[in-house]
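Given next are the chains, with one letter for each unit.
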Amino acid sequence: MSEEMLRYDRMVEAAKRGVVRQALREVLNRGGQLPGEHHFYVTFRTDAEGVDIPDYLRAKYPTEMTIVLQYQFYDLTVENDKFAVTLSFGGVLRRLVVPYITIITFADPSVNFVLQFQPDDMPDLLVDEEEMEHDAGEVTVAVDEPDDDTPKPTGTVVALDAFRKK
């Protein structure tokens, strides 16, 4: 891609990762508790730089892992580039550190919300996220309303059954 082109793909990825960061911050603002029936499924790359998980978990999940933040999670910390949380694995508490750039999927099934992320082949995405956070401001965009004859876009439904334990 030409360096003269705006990289909307990177902007969108950075904005989506910002949603994850803000959702986690909202949990912190509520004393570390998720409101109502909210719960998060976070799938991330275990083999990516910056991920800190116990070796036995990395051996069990060599490329990716899904964690659930619902009832029993502890010591959640949210930083600009990563989050950390303590979870119980087989009755033993373990600390995980997950950079946002390593997240593949973020879902909140209670409200049918899912974000899918592009592969982490964009190493400078993290810089873009931080710049966007500091440069965030109000933006107004004019959008033309479609004619009544314009076909309506269709979406894809993503089933979360793949994340549930059976």
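All figures in this text were calculated on a predicted structure; none of them were measured in a lab.

A. Spotlight on the sheet that holds strand E3 (residues 73–78). The antiparallel open sheet is built from three strands, whose spatial order is E3-E4-E5. Strands at the two margins of the open sheet, each flanked by one partner only, are E3 and strand E5 (92–99). The sheet shows a mean angle of 15° between the axes of neighbouring strands, taken without regard to direction. As paired strands, strand E4 (residues 82–89) and E5 are joined by eight bridges and run antiparallel to one another. The residue of E5 that forms the bridge with alanine 84 is valine 97. Against the sheet, helix H1 (residues 8–29) contacts E3 and E4, and its axis sits at roughly 125° relative to E3.

B. View of the pattern of salt bridges. Under the criterion given, the structure shown has five salt bridges. Between glutamate 13 and arginine 17 there is a salt bridge, and its shortest N-O distance comes to 3.7 Å. Placement of both glutamate 13 and arginine 17 in helix H1 is noted, with a separation of four residues, approximately one turn of the helix. No difference in accessibility class separates glutamate 13 from arginine 17, as the two residues are buried. For lysine 82, the salt bridge is made with glutamate 79, and the minimal N-O distance between the two is 3.7 Å. With a relative accessible area of 26%, lysine 82 lands in the partly exposed category. Three or more residues are tied together by salt bridges with common partners; here these are Glu13, Lys16 and Arg17.

C. Inspection of the nonpolar core at higher detail. With 29 residues, the main nonpolar core has Leu24, Phe40, Ile67, Phe83 and Ile103 as its most contacted residues. Setting aside chain neighbours within four positions, we find phenylalanine 40 in contact with Ala23, Leu24, Val27, Leu34, Ile67, Val68, Leu69, Phe106, Ala107 and Asp108.

Rules used in this analysis
- Residues numbered from 1 in each chain as written.
- Predicted model: local features only at pLDDT ≥ 70, side-chain atom pairs only at ≥ 80, totals over all residues.
- Heavy atoms only, no water.
- Pairing = 2+ DSSP bridges.
- Helix = DSSP H or I, 4+ residues; strand = E, 2+ residues; numbered from the N terminus.
- Axes fitted to C-alpha atoms, helices over the stretch in contact; angles between N-to-C directions.
- Contact = heavy atoms within 4.5 Å.
- Salt bridge = Lys/Arg side-chain N within 4 Å of Asp/Glu carboxyl O.
- Buried < 20%, exposed > 50% of the residue type's maximum accessible area, 1.4 Å probe, protein only.
- Core = buried A, V, L, I, M, F, W, Y, C linked by side-chain atoms within 4.5 Å.

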